[in-house]
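Chain and residue survey
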Amino acid sequence: MHRLQRLTLLATAATAIATAIATAAATSVRVSPPATVPDGPAYLRLPAIALIVVRPDTVWFCGKIEAGDARSEYYFVRRTRVWRRVLGPSAARCMVQGAPGAPRSDTIQGADFQVVRIDSTQLDRAGRGTGRTYLRLIDRAFGRQTDVLPRLDPETRHAFLAKYGEATGLNFADASAIAANDTLLWIGLAGGFPEGEGAVGGIFKVSRPTGRYELLLDTLLEDATVSALVDGGRWLWVGTQVPGEYGWGGDVGLLRFDVRTRAWRSYQERTSPLPDPVIGAVASDGQLLAIATSRGLAVAELRTDSDAALPAGRDEAIGEWDVRYFIPSFERDSLVFDIGTKEQYQRQAADEARYTFVQRLALVGQERPLFDALARVRPDSLAQWIDDWTQWDHIGAKFADPALLPMLFGIASRGEGALLVAGAIGALGEKAPAAAVDSMRQAFLAAVSPGASAYYNAPFRSAYGRALAQAGDSTPIRWARAVLQRALSRSPATRDSARRGELYNSELPAATEILAAVRDRTGLGLIISAVPIASWEEGMALVNALAAYDDPNAWRAMVGFARAFRLLRGQAVRVLTVSAMRDPAVSDAVVQFVREELRGGPNDAPMAVLHGVGVLRLHELTPDLVRLLLREPSSWPSTFLGTMTIRALVSLTGRADAPVFAGESPPRSAVEWWARLAAQPGGLPQVSSEQGRRAEEEWDRRLAAARPTP
């Protein structure tokens, strides 16, 4: 069955609760995983300006319409220099539809010309393409047809091939922007290599009367896509963007090409007042230049005396700038973007994670309630979790208030929003309304049904099950125990396959997380029994589950299996906490385990344990740390090992005055300083965790000051 079909089966299986949960009057609301799994980092989606209309009295910035969004429109009044966001339906200033920034197009139509991409069909005997893709200019004003192909001298071609690969010689034919006058045509190319493939960027300059053309290349344009072109006579203004895996970025900015001297100048965030260097649109009427970037808008007054002598540092083309940034705010319950100063933009930066979260999840026009509720979550925690939607039940746990459940269930149909509901129900525990628990039970049963996707719905299966178990529902406990019992009944051949990592059972990680969430005693025995027959992928989940039990038996089993190479040793050290050291038998085993890792072995992982030494305050291992430093650097698994070892020593001893160094690895003098200190009567000192933290921060500050600024 196709993956989307499996997801659709799951999406139709769940029922939910009424908007009036407080009175337990239930109606049907969908609680289900998303139809697609989010990919890439989360970011605040700002207005995308597709078209700029310059008029005698105003400049209009017209946004393209994203799915589910209203159009964003702004205008600048030239006489008063006032900026405004359009409220409600506007006059027909933006009815002309402009293409989105930096399109890749097979055909661009002008008033009296057409530029068409031609893909060669020429093949060799083996059926491989041998022809070149190129642009064809059909100029009706001059009755001329010109095939525009790149003409590269051998040295340039060789350099491009060496830098970018064979694609360099094949693709100079994705037109992304055009500027035209009566005699010249400028064609901007869509360059860039977002995922290892692409084309080299540049600009074709074509003489319309003669058909002669040349390819303008510059290092500024090589990796960039030309998003906008404006012919300003002496100046050619070039907007650029750089394609990436998750959208447009780059640092090229707005370019100015001097037609007379053929010199380039770049206007970037650090060299001009522009909000950022990702340019979406540019327009001009010869008196001013209007620019739309990914973060804001700008209007620049153009000089009419560009040939006049100017003081050093003054721009010969641009006089005065007027710049505004997009600033998220609310109009009633709707998220909108006003425009304001850089200072206003910087002040709202602390709330950007909240705005990003509600934009991604809340229903359009109903963003304010979720934004207000998110004030319960620490900004640093929200910023940490927002890129990992599988952890959103942690955010939902902050909403352990029955009064908030109607709002949460309102966004549950948005896929990942169901994780917020699960987190809230789990945090409420047995105080969760019965209707909410019943809805979560139905969603869990759908997630573990035979038609559900085993891999893509694993986070939902786990989150729903943990919420139910914490609310006192035994349904997920019974399911999780059954999953582990099935794992224990694997045949010997299947067990061997699992150990080699060829079998990944996504049910087992979810089952262990559910049992560990409520510290089910029967489940602990099953988890321990499953370790010897688990695959490496399943073993990672088992380590986390044993740590979550925070029980001497669980810690003892985890450390024992790790020392026997049945679990990943480095991961086992990372999850150890101070509470594991309360049992003497466990404490002794932990010290021996960490010492083995510091000394190296068949599965040498000292980098993974250095942080754990400081967290667990293993003062007895400071001699081992010094011995690790004294090993030949060639035996270190990483150049950072020396720095990390010294940082652990500083944390344990409080010696913030330890030598710092400019390189990645400590010099011999720094190593010998610690050896001499350890050889003194009494050995290395011991300090508390708080004293060690302050010493580590001070040493890190000194280390940063000693290293050159990149």
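Read on for an overview of the structure.

With that settled, the discussion passes to the overall build of the chain. Regarding its fold elements, the chain presents 25 helices and 22 strands. For the chain, with 710 residues in total, the buried portion stands at 48%. Counting contacts in the chain only where the partners sit at least 6 residues apart, residues at least 24 apart contribute 59% of the total. When the accessible surface of the chain is totalled, it reaches about 32700 Å², and 50% of it is carbon and sulfur.

With 13 residues, helix α23 (residues 641-653) extends 18 Å from end C-alpha to end C-alpha; this agrees with the ideal 18 Å at 1.5 Å per step. The buried fraction of α23 amounts to eleven of the 13 residues, a majority that puts the element mostly inside the structure. In the stretch just after α23, Gly-654 is the one whose phi turns positive, near 75°.

Using the criterion set out here, one finds 18 aromatic pairs in the structure. With 4.6 Å between their ring centres and 50° between their planes, Phe-357 and Trp-392 make a pair best called tilted. Separated by 35 residues along the polypeptide, Phe-357 in helix α5 (residues 352-361) and Trp-392 in helix α8 (residues 392-396) bring together distant segments of the chain. With centroids separated by 5.0 Å and ring planes inclined at 80°, the aromatic side chains of Trp-673 and Trp-674 adopt a geometry described as edge-to-face. The same class applies to Trp-673 as to Trp-674, namely buried. Counting every residue linked through ring pairs, the aromatic cluster contains Phe-61, Phe-76 and Trp-83. Sitting over the ring of Trp-235, Arg-256 keeps its end group 4.3 Å from the ring centre. Over the aromatic face of Phe-371 sits the side chain of Arg-354, whose NZ or CZ is 3.9 Å from the ring centroid.

We now examine the nonpolar core. With 141 residues, the main nonpolar core has Phe-61 and Phe-399 as its most contacted residues. It is helix α10 (residues 417-428) that contributes the most residues to this core, eight residues altogether. Of all hydrophobic cores here, the second largest spans 21 residues; its members include Leu-254, Ile-279, Leu-302 and Ala-317.

With that out of the way, let us pick up the side chain of Thr-643. Examined against the element boundaries, Thr-643 turns out to sit in helix α23. Taking relative accessible area as the criterion, Thr-643 reaches 5% and is therefore assigned buried. What Thr-643 contacts, discounting residues up to four positions off in sequence, is Phe-661, Glu-664, Pro-666, Trp-699, Leu-703 and Arg-707.

A few words on the sheet that holds strand β6 (residues 113-118). Strand pairing in a sheet takes place through backbone hydrogen bonds and is either antiparallel or parallel in direction. Spatial ordering of the open sheet is given by β5-β6-β7-β8, a layout of four strands whose pairing is antiparallel. Looking at the sheet topology across the chains shown, the edges are occupied by β5 (107-109) and β8 (144-148). Across the sheet, the axes of successive neighbouring strands diverge by a mean angle of 15°, strand direction being ignored. With five bridges joining them, strand β7 (residues 134-139) and β8 adopt antiparallel strand pairing. Residue pairing for β8: Asp-139 is matched across the bridge by Arg-144.

In the contact formed by helix α12 (residues 458-470) and helix α13 (residues 475-488), the axes pass within 7 Å of each other and the chain directions differ by 125°. Considered as vectors, α12 and α13 are oriented oblique to each other. Mapping the contact onto sequence places Arg-461, Gly-465, Leu-468 and Ala-469 in α12 and Pro-476, Ile-477 and Trp-479 in α13. By residue class, the composition of the contact of α12 with α13 is five nonpolar, one polar and one charged.

Reading guide: rules and limits
- Residues numbered from 1 in each chain as written.
- Predicted model: local features only at pLDDT ≥ 70, side-chain atom pairs only at ≥ 80, totals over all residues.
- Heavy atoms only, no water.
- Helix = DSSP H or I, 4+ residues; strand = E, 2+ residues; numbered from the N terminus.
- Buried < 20%, exposed > 50% of the residue type's maximum accessible area, 1.4 Å probe, protein only.
- Contact = heavy atoms within 4.5 Å.
- Areas by Shrake-Rupley, 256 points an atom, 1.4 Å probe, with all protein chains shown as cover.
- Expected span 1.5 Å × (residues − 1).
- Phe/Tyr/Trp six-rings, centres within 6.5 Å; stacked < 30°, edge-to-face > 60°.
- Lys NZ or Arg CZ within 6 Å of the ring centre and 35° of its normal.
- Core = buried A, V, L, I, M, F, W, Y, C linked by side-chain atoms within 4.5 Å.
- Pairing = 2+ DSSP bridges.
- Axes fitted to C-alpha atoms, helices over the stretch in contact; angles between N-to-C directions.
- Parallel < 35°, antiparallel > 145°, perpendicular 65-115°, else oblique.
- Nonpolar A, V, L, I, M, F, W, Y, C, P; charged D, E, K, R; others polar.

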